[in-house]
Number of protein chains: 2
Amino acid sequence: MGDDNSVFIGNKPFMNYVTGVVMQFTTKNANEVIIKARGKFIARAVDVAEVAAKRFLEETVEVKDIKIGSEEFENKEGKQVRVSIIEITLKKK
Amino acid sequence: MGDDNSVFIGNKPFMNYVTGVVMQFTTKNANEVIIKARGKFIARAVDVAEVAAKRFLEETVEVKDIKIGSEEFENKEGKQVRVSIIEITLKKK
């Protein structure tokens with residue numbers, strides 16, 4: 001699956017992400033959409049998945065897979081930092 | 001599985017939860033531990049799972065299952081509010 005079907009969660013208004021997910025399934029006719037987030041945005045990714053799947057795409061989309069993991073990166077002070085990541089895959093039923 | 005094997009994530013110091021998960025597997029010899037969280041604590045639940053499984057229980061424990069969902073409750077103003085939940089099940093390999 002190309003990155004076209006991924007939605008990265010950040011600090012834009014919440015409904016931007018919900019609309020983004022819904023439009024992948026409707027306007028773009030995607031079979032699967034992957035919602036991705038890191039760190040503090042992980043809770044938001046779950047909110048987006050829940051609201052998109054249950055409120056807007058009710059009965060037509062379900063959670064296919066959820067992966068968690070860690071990424072290491074170097075912060076401004078040159079220290080190695082670990083951050084958690086999540087990938088929630090929604091698919092058409 | 002009884003609630004004994006569940007760890008609920010809140011705002012106590014982070015390592016309390018990591019230690020709680022690790023001790024379920026070691027001292028209490030559990031085969032599975034479920035890490036549960038709601039709302040903003042969801043990101044923290046993923047952190048706890050990652051740190052416990054990868055740093056402290058390296059190679060002996062893996063993610064078996066991750067569930068997300070929603071709970072409705074009435075807030076102080078009497079309004080129905082939706083909150084996301086997560087349950088991460090770790091198991092011994």
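Residues numbered from 1 in each chain as written. Chains lettered and ligands numbered in written order. Predicted model: local features only at pLDDT ≥ 70, side-chain atom pairs only at ≥ 80, totals over all residues. Heavy atoms only, no water.

Trainee: Sorry, what's going on with the relation of the copies chain A and chain B here?
Mentor: Applying a rotation about an axis and a shift along it to one chain copy brings it onto the other copy. Note on the identical chains: chain A maps onto chain B by a rotation of 180° and an axial translation of 0.0 Å, with an RMSD of 0.0 Å. Each copy turns onto its partner about a two-fold axis. Among all residues of chain A, the one whose C-alpha sits closest to the rotation axis is A:Ala43, at a distance of 2.6 Å. Most of the interface of chain A is mirrored in chain B: 100% of its interface residues are interface residues there too. (Least-squares fit on C-alpha atoms with pLDDT ≥ 70 in both. Contact = heavy atoms within 4.5 Å.)

Trainee: Explain the packing of aromatic side chains here, please?
Mentor: Geometry of an aromatic ring pair is reported as the spacing of the ring centres plus the angle between the planes. Taken as a whole and judged by the stated rule, the model has 0 aromatic pairs over all chains. Positioned over the ring face of A:Phe73 is A:Arg38, at 5.5 Å from the centre of the ring. (Phe/Tyr/Trp six-rings, centres within 6.5 Å; stacked < 30°, edge-to-face > 60°. Lys NZ or Arg CZ within 6 Å of the ring centre and 35° of its normal.)

Trainee: How should I be thinking about the sheet that holds strand E2 (residues 32-38) of chain A in this particular structure?
Mentor: Strand pairing within a sheet occurs via backbone hydrogen bonds; the two strands may be parallel or antiparallel. Sheet architecture is open: 4 strands sit in the order E1-E2-E4-E3 (chain A), paired in mixed fashion. Edge positions in the sheet fall to strand E1 (6-8) and strand E3 (61-74) of chain A, since each has one partner strand and no second. In this sheet, adjacent strand axes meet at a mean angle of 20° when their direction is disregarded. As judged from the 13 bridges shared by E3(A) and strand E4 (residues 80-92) of chain A, these two strands associate in the antiparallel manner. Residue A:Glu62 lies in a different strand from E4(A), and its bridge partner there is A:Lys91. Contacts between helix H1 (residues 14-25) of chain A and the sheet are confined to E1, E2, E3 and E4 of chain A, with E2(A) contributing the most and set at about 155° to the helix. Each of E3 and E4 of chain A is contacted by helix H2 (residues 42-56) of chain B, which is oriented at about 115° to E4(A), the strand it contacts most. (Pairing = 2+ DSSP bridges. Helix = DSSP H or I, 4+ residues; strand = E, 2+ residues; numbered from the N terminus. Axes fitted to C-alpha atoms, helices over the stretch in contact; angles between N-to-C directions.)

Trainee: Whenever I open this one, the interface of chain A and chain B confuses me. Can you help?
Mentor: Bring the parts together and some accessible area is lost; that lost area is often taken as the interface size. With 22 residues of chain A at the contact, the number on the chain B side is 22 residues. When chain A packs against chain B, close to 1500 Å² is buried across both sides, 66% of that on carbon and sulfur atoms. Broken down residue by residue, the surface that chain A buries against chain B is led by A:Glu50, A:Ile66 and A:Ile68, which jointly contribute 37%. Across the contact surface, chain A and chain B share 2 salt bridges. B:Asp47 is the partner of A:Arg82 in a salt bridge, and the nearest nitrogen-oxygen pair spans 3.4 Å. Inspection of the region where chain A meets chain B yields 6 residue pairs in polar contact (both at pLDDT 80 or more). Mapped by element, the contributors of at least two residues to the side of chain A that touches chain B are helix H2 (42-56), E3 and E4 of chain A. The leading source of residues in the side of chain A that touches chain B is H2(A), at 9 residues. Split into classes, the residues belonging to the side of chain A that touches chain B amount to 11 nonpolar, 4 polar and 7 charged. (Buried area = accessible area lost by both parts, 1.4 Å probe. Salt bridge = Lys/Arg side-chain N within 4 Å of Asp/Glu carboxyl O. Polar contact = N/O pair within 3.5 Å; in protein donor to acceptor, adjacent residues only side chain to side chain. Nonpolar A, V, L, I, M, F, W, Y, C, P; charged D, E, K, R; others polar.)

Trainee: Teacher, can you tell me more about the nonpolar core here?
Mentor: Judged by nonpolar contacts, the single largest core of 54 residues is most densely connected at A:Ile86, A:Ile88, B:Ile86 and B:Ile88. Excluding residues within four positions of it along the chain, B:Ile88 makes contact with A:Ile68, B:Val33, B:Ile34, B:Ile35, B:Ala45, B:Val46, B:Ala49, B:Val63, B:Asp65 and B:Ile66. (Core = buried A, V, L, I, M, F, W, Y, C linked by side-chain atoms within 4.5 Å. Buried < 20%, exposed > 50% of the residue type's maximum accessible area, 1.4 Å probe, protein only.)

Trainee: Help me understand unusual backbone geometry in this model?
Mentor: Among all residues save glycine, negative phi is the norm, and among peptide bonds the norm is trans. Residue and element names in this part refer to chain A. Look at asparagine 29: it is not a glycine, yet its phi comes out positive at around 55°. For asparagine 29, the position within the fold is in the loop between H1 and E2. Looking at asparagine 29, the relative accessible area reads 54%, which means it is exposed.

Trainee: Teacher, can you tell me more about the sheet that holds strand E1 (residues 6-8) of chain B here?
Mentor: Overall, mixed pairing links the 4 strands, which are arranged E1-E2-E4-E3 (chain B) in an open sheet. At either end of the open sheet lies a strand with only one pairing partner, and these are E1 and strand E3 (61-74) of chain B. The mean angle between the axes of side-by-side strands here comes to 20°, regardless of whether they run parallel or antiparallel. Across the face of the sheet, H2(A) comes into contact with E3 and strand E4 (80-92) of chain B while running at roughly 115° to E4(B). H2(B) contacts strand E2 (32-38), E3 and E4 of chain B of the sheet and is inclined by roughly 5° relative to E4(B).

Functional significance is not addressed by these values, which are geometric in nature.
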